[in-house]
Amino acid sequence: METETETDQIYHIDVGNLLGFNPNHRFPSAPSSREELVKECLEEARKLVQAIANALFNFPSTETNDGPIVQLPPPTTKLPREKHVPRPKPPTKWEEFALKKGIQKRKKDKVVWDEQTDQFKRRHGYDRVNDDNDVPIIEAKATDEPGEDPFAKRLDEKKQRVGKQQKNRLQNLKAAEKAGALPSHVQLAATSLPISGTKSQPKKIGKDELGDVAGLAATSTASGGKFDKKLPGEKAPKKQGKHHKYLPVVAGRGAVNQEKEQTNNVLSKIISKHSHEILNVGKAINMYNVKKEKKKSGRSDKSGRSDKLKPKKDITKKPTNKAK
Amino acid sequence: MLEIRTPKTGKAKRVLEKRAPKLVETGKKTLILHGTKTSATVSSVLMELYRLKKGGAIKYSRRNENIRPFESGGETSLEFFSQKTDCSIFVYGSHTKKRPDNLVLGRMYDHQVYDLIEVGIENFKSLLSFSYDKKFAPHEGTKPFICFTGEGFENVPELKHLKEVLTDLFRGEVVDNLNLTGLDRAYVCSAISPTKVFLTHCALKLKRSGTIVPRMELVEVGPSMDLVIRRNRLPNESLMKEAMRTSKDKPKKKEKNVDQDAVRGKIGKIYMPDQKLGEMHLPDKSKGLKRERKESKKLQEETDSKKKKKSSE
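Thresholds, definitions, all that
- Counting from 1, residues in each chain are numbered in the order their sequence is written.
- A letter from A marks each chain and a number from 1 marks each ligand, given out in the order of writing.
- Residues qualify for local features only when their pLDDT is at least 70, as the model is predicted, and side-chain atom pairs are given and counted only at 80 or more; totals for whole chains, interfaces and linings, by contrast, use all residues.
- Think of the side-chain values as coming from all heavy atoms in the structure, minus any hydrogens and water.
- Think of it this way: any DSSP run of H or I at least four residues long counts as a helix, any run of E at least two long counts as a strand, and we number them from the N terminus.
- Throughout this description, buried means an accessible area under 20% of the type-specific maximum (1.4 Å probe, protein chains only), exposed means over 50%, and partly exposed covers the range between.
- His residues and chain termini do not enter the charge count, which takes Lys and Arg as positive and Asp and Glu as negative.
- By convention in these notes, a salt bridge is any Lys or Arg side-chain nitrogen within 4 Å of a carboxyl oxygen on Asp or Glu.
- Counted as a polar contact is a pair of N or O atoms within 3.5 Å, where, for protein atoms, one must be capable of donating a hydrogen and the other of accepting one, and residues adjacent in sequence contribute only when both atoms are in side chains.
- Residues are treated as being in contact if the distance between any of their heavy atoms lies within 4.5 Å.
- Here the rule is simple: two strands pair whenever DSSP picks up at least two bridges between them.
- Computed with a 1.4 Å rolling probe, the buried area is the accessible surface lost when two parts are put together, summed over both parts.
- Three categories are distinguished: nonpolar for Ala, Val, Leu, Ile, Met, Phe, Trp, Tyr, Cys and Pro, charged for Asp, Glu, Lys and Arg, and polar for the others, with Gly belonging to the last.
- Patch membership requires more than 30% relative accessible area and the absence of a salt bridge. Residues of like charge join within 9 Å; the nonpolar side chains Val, Leu, Ile, Met, Phe, Trp and Tyr join within 5 Å.
- Shrake-Rupley sampling with a 1.4 Å probe provides the accessible areas, and residues are treated as covered by the protein chains on show and by no other component.
- Each charge is placed at NZ for Lys, CZ for Arg, CG for Asp and CD for Glu.
- We call a pair of cysteine sulfur atoms a disulfide when they lie within 2.5 Å.
- Take the buried Ala, Val, Leu, Ile, Met, Phe, Trp, Tyr and Cys residues and link them wherever side-chain atoms come within 4.5 Å; each set so joined is a nonpolar core.
- To define axes, lines are fitted to C-alpha atoms, for helices over the stretch in contact only, and angles between the resulting N-to-C directions are given on a 0 to 180 degree scale.

Caption draft 1: Up close: the side chain of Glu48 of chain B. All names here are of chain B. For Glu48, the location among the structural elements is in helix α2 (residues 40-52). Arg51 provides the closest opposite charge to the buried, salt-bridge-free Glu48, at an N-O distance of 6.2 Å. In this structure the side chain of Glu48 is engaged in a polar contact, spanning 3.1 Å, whose partner is the backbone nitrogen of Leu127. Sequence-distant contacts of Glu48, defined by excluding residues within four places in its chain, comprise Phe124, Ser126, Leu127 and Pro223.

Caption draft 2: Seen up close, the pairing of strand β10 (residues 196-207) of chain B. All names here are of chain B. Both strand β9 (residues 185-193) and β10 contribute to a ladder of eight bridges, which runs antiparallel. Looking across to β10, one finds that Ser193 is bridged to Lys196. Hairpin connection, β9 to β10: the antiparallel pair is bridged by two residues. Bridge count for β10 against strand β11 (residues 215-233) is 11 bridges, and the pairing is antiparallel. Across the sheet, Ala203 pairs through a bridge with Val219, a residue of β11.

Caption draft 3: Structural context of the interface of chain A and chain B. Residue-level contacts link 62 residues of chain A with 79 residues of chain B. Both sides of the chain A and chain B interface together cover about 6700 Å² of buried area, and 61% of this is carbon and sulfur. Three residues stand out in chain A for area buried against chain B, namely Phe57, Arg81 and Glu82 of chain A, and they jointly supply 12% of the buried area on that side. One can count four salt bridges joining chain A with chain B. Linking Asp86 of chain B and Lys83 of chain A is a salt bridge whose minimum nitrogen-to-oxygen distance equals 2.8 Å. Counting across the interface, chain A meets chain B through 31 residue pairs in polar contact (both at pLDDT 80 or more). For the side of chain A that touches chain B, the element with the highest residue contribution is helix α1 (residues 34-57) of chain A, accounting for 16 residues. Per-class residue counts for the side of chain A that touches chain B are 31 nonpolar, 18 polar and 13 charged.

Caption draft 4: Inspection of a positive patch on the surface at higher detail. Residue and element names in this part refer to chain B. Judged by side-chain charge, Lys290, Arg291, Arg293, Lys294, Lys297 and Lys298 come together as a positively charged surface patch. Structurally, Lys294 can be placed in helix α7 (residues 286-312). A relative accessible area of 61% places Lys294 in the exposed class.

Caption draft 5: Summary view of the state of the cysteines. Residues and elements named next belong to chain B. Scanning the model with the defined rule gives zero disulfides over all chains in all. Here Cys147 is not cross-linked by a disulfide; its sulfur's nearest cysteine counterpart is in Cys189, at 8.0 Å. Cys189 gets classed as buried once you look at its relative accessible area, which sits at 0%.

Caption draft 6: Summary view of the nonpolar core. Counting 35 residues, the largest nonpolar core has Leu105 and Leu162 of chain B as its most contacted members. In terms of residues, this core owes the most to one element, helix α5 (residues 157-171) of chain B, which gives six residues. Leaving out residues up to four positions away in the same chain, Leu105 of chain B has contacts with Phe90, Val91, Asp115, Leu116, Ile117, Leu162, Val165, Leu166 and Leu169 of chain B. By size, the runner-up hydrophobic cluster in this structure holds 34 residues, among which are Val15, Cys41 and Val49 of chain A together with Phe198 of chain B.

Caption draft 7: Local environment of the sheet that holds strand β4 (residues 61-63) of chain A. Spatially, β4(A)-β5(A)-β8(B) is the arrangement adopted by the three strands of the open sheet, whose pairing is antiparallel. The strands lining the two open edges of the sheet, one partner per strand, are β4 of chain A together with β8 (177-179) of chain B. The sheet shows a mean angle of 30 degrees between the axes of neighbouring strands, direction not considered. Relative to β8 of chain B, strand β5 (residues 68-71) of chain A runs antiparallel, the two being bridged by three bridges.

Caption draft 8: Structural view of the pattern of salt bridges. Evaluation of the coordinates by the stated rule reveals 21 salt bridges over all chains. The partner of Arg128 of chain A in a salt bridge is Asp131 of chain A, and the shortest N-O contact between them spans 3.4 Å. A salt bridge links Glu164 of chain B to Arg107 of chain B, with the shortest nitrogen-to-oxygen separation between them at 3.0 Å. Linking Glu164 of chain B in helix α5 with Arg107 of chain B in strand β5 (residues 102-109), this pair joins segments that are 57 residues apart in sequence. Taking the relative accessible area as the measure of exposure, Arg107 of chain B reaches 1% and is therefore buried. When salt bridges with common partners are traced through the structure, they connect Lys28, Arg107, Asp115, Glu164 and Asp168 of chain B into a single cluster.

Shown next, in the form of structure tokens:
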């Protein structure tokens, strides 16, 4: 918006921002005193403000308790945004399906008529209509197996349904994040970093493993873990130290006296009652023969020994005359 | 494995929604920071700027040694603070031998540095040194008038940039309705030379005049200083285009297939799309269909029997 004054100067006025710009004024390049300069600046500004006010006060105003209120026009100077324009959210899997099938959303009432108790009950929450947990008797069908618990089965089914729904929700949010349109109150965070290349689930430690580890940790205490405070539910550690297996002293009906056998074996090895079991005769003969042959050919074979094993003579060193 | 995290309290949710990008934006918040070393003038300038912008500004009092706005690596701290406090304009004051009494004004887009301008402060006069009738002291949070004088603001590109940044800084919120009794301050910026701008803050006196429009008078109240342009960094083209984009920028679509006639009035043409009857999804009412079929069969039989009777007659 522009306004012309008497001196034929055109001001650029933006009423929406209460902004006025006078592009035509030339300040003297020769420095006059500071006060003069300030005075000049203020005078020019005053003219601008007056021009804006002229436009402003001529708008239709409504009277209220605080004073006259005026509708401001939108600002004309373009200024950059603070954040990006919100991006459209991609439709969820259900929304796509509903669009394709032509399913309309129907508003559900908070209160529903319950046939069984002949009164209005709420749809969700305490004492709700058709509560899954409230059925006292589930009749067995012909297709049911005899050992199955139908109540547990119902719980399982519900868990599965909830799990499936969570998975779908996560997929929808991931798609939204990809498009850059994640809702402002939701954050997707990685819980544990997987090893690159594998999609491994974090290994869950079992009860026994935990018990072992706890036992190991306990032995490192000063009293060997005997006086450690136990958590509720924690069992005493399994027998630690060396495990000895002692054979039964009294033999059972028809069973061999194992202890007697064991000691007999040891004795016989020492005393060698049955030496043929201990001595390998064939091997002994072979060893004797080899030794004999070696002795025979030992003298002639001495010189024929490999040269590589003999220490080599150093030709650079001259023979010393030890006979001096 | 990804985990969905949502706020557990209503307050947290409201804060997050406030900070989310919106179609129509409310006022930008300002972050005021100290650099490694600050002189007395710089600290008082920062303090007074904070007071002027009390409602929408956050002032950090500690020194920040690792912020160097004009260097490529020195902006990470700024961006982190911007994200933490949700501020899109920052004012960073420092004092070095090479650049005495330095002030860097910068803006952010999506918490990334958008543009920067560095000015030096000269001839600073604080709020407290001005004496005036306290009746006219401007109230906190009122919408100010902003006045720019001088051909420099149009001809010199750095001054043009400074004009834009100062408008953004002083503007406050964009409002639809304005109370005319609440007009009591004005910022005056004059380009006294191609490199210098004289900035001051004045209170408004509305005097009675003959017409509806009162006579405006300016009384200097606030800090006044000379800004000497030092360095600036303009935003790169693509970022500027994206930031300047508003939802109303799309050209108005002309209304098609609508005709105004003096005789017939307003006439509209409707073009029916091709109804692919073979691919339509029928509702799954198999029982109903069976019933319909039975009924139609019955009717057929009746008409047939009637015909037979007629023919026999």
